[in-house]
Amino acid sequence: MGLFSDLFRFREAGQAPNESNVQEFGTPQRSLFTSSKVLTLNHDIDITDENGKVMYRAKTKFPSLHDKTDIFDDRGKQVSHFESKIMTLHARHFVTMADGTSFEISNELLHLVKDIINIEGLGWQIRGNIIGLNFQLYDASENVIAVISQKALSLHDKYAIDIYRVEYEPIVVTILVVLQHMIRDRENAASVSSDSD
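One structure accompanies this document, and this report is about it.

Quick notes on the rules
Counting from 1, residues in each chain are numbered in the order their sequence is written. Selection of residues for local features in this predicted model requires a pLDDT of at least 70, selection of side-chain atom pairs for listing and counting requires 80 or more, and totals for whole chains, interfaces and linings are taken over all residues. Excluding hydrogens and water, the side-chain values take into account all heavy atoms of the structure. We call a set of buried Ala, Val, Leu, Ile, Met, Phe, Trp, Tyr and Cys residues a nonpolar core when their side-chain atoms join them within 4.5 Å. Here's how the labels work: a residue is buried when its accessible area is under 20% of the maximum for its type, exposed when over 50%, partly exposed in between, all with a 1.4 Å probe on protein chains only. Only runs of H or I of at least four residues qualify as helices and only runs of E of at least two qualify as strands under DSSP, and these elements are numbered from the N terminus. Salt bridge, as applied in this entry: a Lys or Arg side-chain nitrogen positioned within 4 Å of an Asp or Glu carboxyl oxygen. Pairs were defined over the aromatic rings of Phe, Tyr and Trp, the Trp ring being its six-membered one, requiring ring centres within 6.5 Å. Orientation was assigned from the angle between planes: stacked under 30 degrees, edge-to-face over 60, tilted for the rest. To sit over a ring, a charge needs its Lys NZ or Arg CZ within 6 Å of the ring centre and within 35 degrees of the ring normal. In the cavity and pocket records, a cavity denotes points on a 1 Å grid over the protein atoms alone where a 1.4 Å probe fits but cannot get out, a pocket denotes an open set with protein on both sides within 12 Å along at least 5 of 7 lines, and lining residues are residues with an atom within 4 Å of a point. Grid points are joined across faces, edges and corners, and a volume is the space filled by probe spheres set on the points. Polar here means any residue outside two lists: the nonpolar Ala, Val, Leu, Ile, Met, Phe, Trp, Tyr, Cys and Pro, and the charged Asp, Glu, Lys and Arg; Gly therefore counts as polar. Following DSSP output, two strands are said to pair if at least two bridges run between them.

Core analysis: the largest hydrophobic core is formed by 35 residues, its most contacted members being I105, L137 and I175. With 10 residues, the single largest contributor to this core is helix α3 (residues 169-196). With 5 residues, the next largest nonpolar core counts F25, V144, V147 and Y164 among its residues.

Set out below in structure tokens:
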């Protein structure tokens, strides 16, 4: 197991699961992949299976101050809706699933290398490695639900997600899309800050 495989765990559809993930968490029950164009005003995201079939589609209302986003399955049925709360010290998104389940996703402050993102209402947590662009989603009992990895240096903002608890797939997909929005917002804020220096 090489350092590259351990640090950067992203893989394309059709490739075998990352060997570090398999060693640490086992073989995933299902894997999904996302790709969105970075240099566009809207932030629509397609989530595909291993064969490139679109399984979910996220559509963000534009323009939208609150980042209002709806996620639909491959039959066009709404899976979830989320929007952000502005004017807070850290990123906070409010999520409502189609079955009525609701929760909030908020990013903890003052984590320099590792990200900790709390999913209030579910008791779940995302723990991430900003350098390697890898994130793990845990339930309240510390069991891994999914592993998310982002491709570095891509014009299409690509993610791979290995799901270990398929019964939670709609929630996991929603959390993945929210995470992409949070990372994009952070990158935009950093870009604005560096431009003003």
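If charged atoms from side chains of opposite charge come close, those side chains can pair. The full count for this structure, using the stated rule, is 13 salt bridges. With its nearest N and O atoms 2.7 Å apart, the salt bridge here joins R127 to E142. On the criterion of sequence distance, the pair formed by R127 in strand β9 (residues 124-129) and E142 in the loop between β10 (134-138) and β11 (144-150) is long-range, its members being 15 residues apart. The exposure class of E142 is partly exposed, given its relative accessible area of 48%. A salt bridge links R165 to E167; its shortest N-O distance comes to 2.8 Å.

This next bit is on the packing of aromatic side chains. Counted under the stated rule, the structure contains 2 aromatic pairs. Sitting over the face of the ring of Y138, R127 holds its NZ or CZ atom 4.4 Å from the ring centroid.

Attention now moves to empty space enclosed by the protein. One pass over the full model with this rule turns up 1 cavity of 30 Å³ or more. Taken as a whole, the largest cavity encloses approximately 40 Å³ of empty space. Looking at the largest cavity, the residues that line it are R9, R11, N18, N21, V147, S149, A160 and D162. Among the elements of the structure, β11 and β12 (159-163) are those that each provide at least two residues to the lining of the largest cavity. Residues that form the lining of the largest cavity fall into these classes: 2 nonpolar, 3 polar and 3 charged.

Turning our attention to the layout of surface pockets. A probe as big as a water molecule, rolled over the atoms, marks out the empty space that is left. Approximately 300 Å³ is the volume found for the second largest pocket. When residues of the lining of the second largest pocket are traced back to their parent elements, those giving at least two are β3 (54-60), β5 (78-84) and α3. Here the lining of the second largest pocket gets 3 residues from one element, more than from any other, and that element is α3. Grouping the amino acids of the lining of the second largest pocket by side-chain chemistry returns 8 nonpolar, 1 polar and 8 charged.

What follows concerns the pairing of β5. When strand β4 (residues 69-73) meets β5, the two strands line up antiparallel, connected through 4 bridges. Along β5, the bridge assignment pairs T69 with F82. Where β4 folds back on β5, the antiparallel hairpin that results is connected by 4 residues, among which G76 adopts a positive phi of roughly 85°. Bridging between β5 and strand β6 (residues 92-97) involves 5 bridges; their strand directions are antiparallel. Bridging across to β6, S84 finds its partner in H93.

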